[in-house]
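# Notes for the structure review
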Amino acid sequence: MHYIWKEWKENIRGKGLWLSLSIIVLISLAILFRSSSLSFEKGFYVLLINLFDTIIYFIPILCLFIGAFSIFQEKEQKTLIMLLTKKDHYSSFLWKKSLGLYSVVLLPILVWFFIYLLFLKFSFQIDMKGYFIFVVAIICLALIFLQMGAAIGSFSRSRMQIIGYTIFVWFYFFFLHDFMLLSYLPKVTYEKVKLFSAGFFLNPLEAVRMYLETSMGVYSFGHMSRLLEAFLWTKPGIFLLASFAFWILVSYIVAIIFHRKEGFE
Amino acid sequence: MIKIQNLNQSFGKKNILEGINLKINKHEICALVGRNGAGKSTLINSLLGLLPVAQGIIHINGIEVTKKNQEWKKAIAYLPEKFMLYPMLTGLENVLFFAEAVSGKANHDQVENVLKAVSLWDDCDVQVKKYSKGMLQRLGLAITLYQDSNTLILDEPTSGIDPIGRKEILEILKTLHDKTILLSSHHLDEIKQICTHVAYLSDGKMEKYTVDEFLQSQNLGGFGS
């Protein structure tokens, strides 16, 4: 609890969190104003999909930076070494620090999307279940990239390394992952399609998008080809859960194995 | 009490510490002295369990420093060089956080006592980013003292501090009679003022002297007098 308390005080007095939140607020308001011409009945879903398509570019990079710099500052300020030499192992430190980071990032996002819902109520017919699914999708994305950021902060030796790794991770999930799978696509047989889809949905951006769009009824599962049926061999929610668990776990383990307490190691 | 027996540490083929033996008893303030690159940081990191011991045994208060048993951590408190703590938190919040991180629950009376001991009680509600270097160093000492460990390891506690700030730090250290203290320092005048012994590290080997013996051995007998 004291880590959460400390993380809160540090972040609400700093500029990074407010800057990140203001970007999300501005984007959401801009999308709302742009959507004023949409119909009262169906506009709600279009707005949410548009909003998701826009903030999906920002949330990963903001969370990567917040997670990475937060851990790196503990090294830079020598507070990490003071904690490790007194009590904690790195694994328990990282666990408590991650909980602190989750609370610092998620609470303002949740508060903002609650306020945003009030704005939406004036313009559209609200589907509470759809909105809840949208918020869950955003939360999953934020948590995965926060934990990845924490891993980057753990093994980086300098701020420049953090910037380099963060841009690489962002670029990988937005472009390289799909590009690599597309180049492999011609070799995918019907027997291998499950494995291929597991690889495809390991990309959290694809898993979150599929979950959101299918849950909102944008995709219909009624008339799929056999190949597409084999590709979507389980529910999108399961793909998202698997991707979420995989990346949280991998990021946590990588951070523990490759962490550097200071530059001397 | 700190006891090091036949400690060897190396990076690749380079031997940093060779057969180090050192015993620092209770009530002793021992300065760790050596040129840059002599292995002071390696020795401190070994004492703190941050570097696995390649060969040799280290005991802190009679407990062996190992990865498996972390009991020795209770007996030791470390203040690194050039630390910054949490600049956005106040001095009081910093001490409270470390107190809770170490013992689960902070004893507010004890927090007040350590902040008064380092003359920071009046400034405890000021954010640490507004502290001077000397105040920051005293706050670090308050955090270290709160833990009430028998053994303190201080890495250049007066580095980069103005003369008045240095004097304040040294006055605080002089009051810690009941502790075993190992402090690394480059300042002979402060060694002469507060230390009882000197552990001199050179070419990976260590010798322990009383302060007077050390000054004589280095032809510095008249230093500071």
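Report on the accompanying structure. (Residues numbered from 1 in each chain as written. Chains lettered and ligands numbered in written order. Predicted model: local features only at pLDDT ≥ 70, side-chain atom pairs only at ≥ 80, totals over all residues.)

Our next topic: the pairing of strand E9 (residues 197–202) of chain B. Residue and element names in this part refer to chain B. Inspection of the sheet shows strand E3 (residues 29–34) paired to E9 by 5 bridges, in the parallel sense. Paired with Leu32 across the bridge in E9 is Ala199. Pairing of E9 with strand E10 (residues 205–210), which is carried by 6 bridges, proceeds in the antiparallel orientation. Residue Ser202 lies in a different strand from E10, and its bridge partner there is Lys205. A loop of 2 residues connects E9 with E10, the two strands running antiparallel in sequence, and Asp203 in this loop sits at a positive phi of about 50 degrees. (Pairing = 2+ DSSP bridges. Helix = DSSP H or I, 4+ residues; strand = E, 2+ residues; numbered from the N terminus.)

Attention shifts here to unusual backbone geometry. Residue and element names in this part refer to chain B. Residues other than glycine seldom take positive phi values, yet Asn61 does so here, at roughly 50 degrees. Mapped onto the secondary structure, Asn61 falls in the loop between strand E4 (55–60) and strand E5 (63–64). Among the residues examined, Asn61 registers 17 C-beta atoms within 10 Å and is labelled partly exposed. (Buried ≥ 20, exposed ≤ 12 C-beta atoms within 10 Å, placed from the backbone.)

In this section: the sheet that holds strand E7 (residues 151–155) of chain B. Residues and elements named next belong to chain B. Judged by pairing direction, the sheet is mixed, and its 6 strands sit side by side in the order E6-E7-E8-E3-E9-E10 without closing on themselves. Both outer strands of the open sheet, strand E6 (76–79) and E10, are each paired with one neighbouring strand and no more. Going across the sheet, the axis of each strand differs from the next one's by a mean of 20 degrees, ignoring polarity. (Axes fitted to C-alpha atoms, helices over the stretch in contact; angles between N-to-C directions.)

It is worth spelling out the interface of chain A and chain B at this point. Taken together, the contacts link 17 residues of chain A with 20 residues of chain B. Contributions of two or more residues to the side of chain A that touches chain B are made by helix H1 (2–12) and helix H5 (79–86) of chain A. Here the element with the most residues in the side of chain A that touches chain B is H5 of chain A; it accounts for 6 residues. Each residue belonging to the side of chain A that touches chain B can be placed in one class, and the counts come to 4 nonpolar, 5 polar and 8 charged. (Contact = placed C-beta atoms within 7 Å. Nonpolar A, V, L, I, M, F, W, Y, C, P; charged D, E, K, R; others polar.)

It is worth spelling out the nonpolar core at this point. Among the nonpolar cores identified, the biggest contains 125 residues, and Cys30, Val95, Leu139 and Ala142 of chain B are the most heavily contacted of them. Broken down by element, this core gets its largest block of residues, 14 residues, from helix H7 (residues 128–155) of chain A. The contact partners of Ala142 of chain B, leaving out residues within four places of it in the chain, are Val95, Val114, Leu115, Val118 and Leu120 of chain B. (Core = buried A, V, L, I, M, F, W, Y, C linked by C-beta atoms within 7 Å.)

All names here are of chain B. Counted residue by residue, strand E8 (residues 180–184) has 5 buried out of 5 residues, so it is predominantly covered. The two faces of E8 match: Thr180, Leu182 and Ser184 on one face and Ile181 and Leu183 on the other face are all buried. Bridge analysis of E3 against E8 gives 4 bridges, and the strand direction is parallel. Opposite Leu32, over in E8, you have Ser184 as the bridge partner. Both E7 and E8 contribute to a ladder of 5 bridges, which runs parallel. In the strand pairing of E8, Thr151 is matched with Thr180. Crossover handedness for the path E7 to helix H5 (residues 163–174) to E8: right-handed. (Right-handed = clockwise from strand over helix to strand, strands pointing away.)

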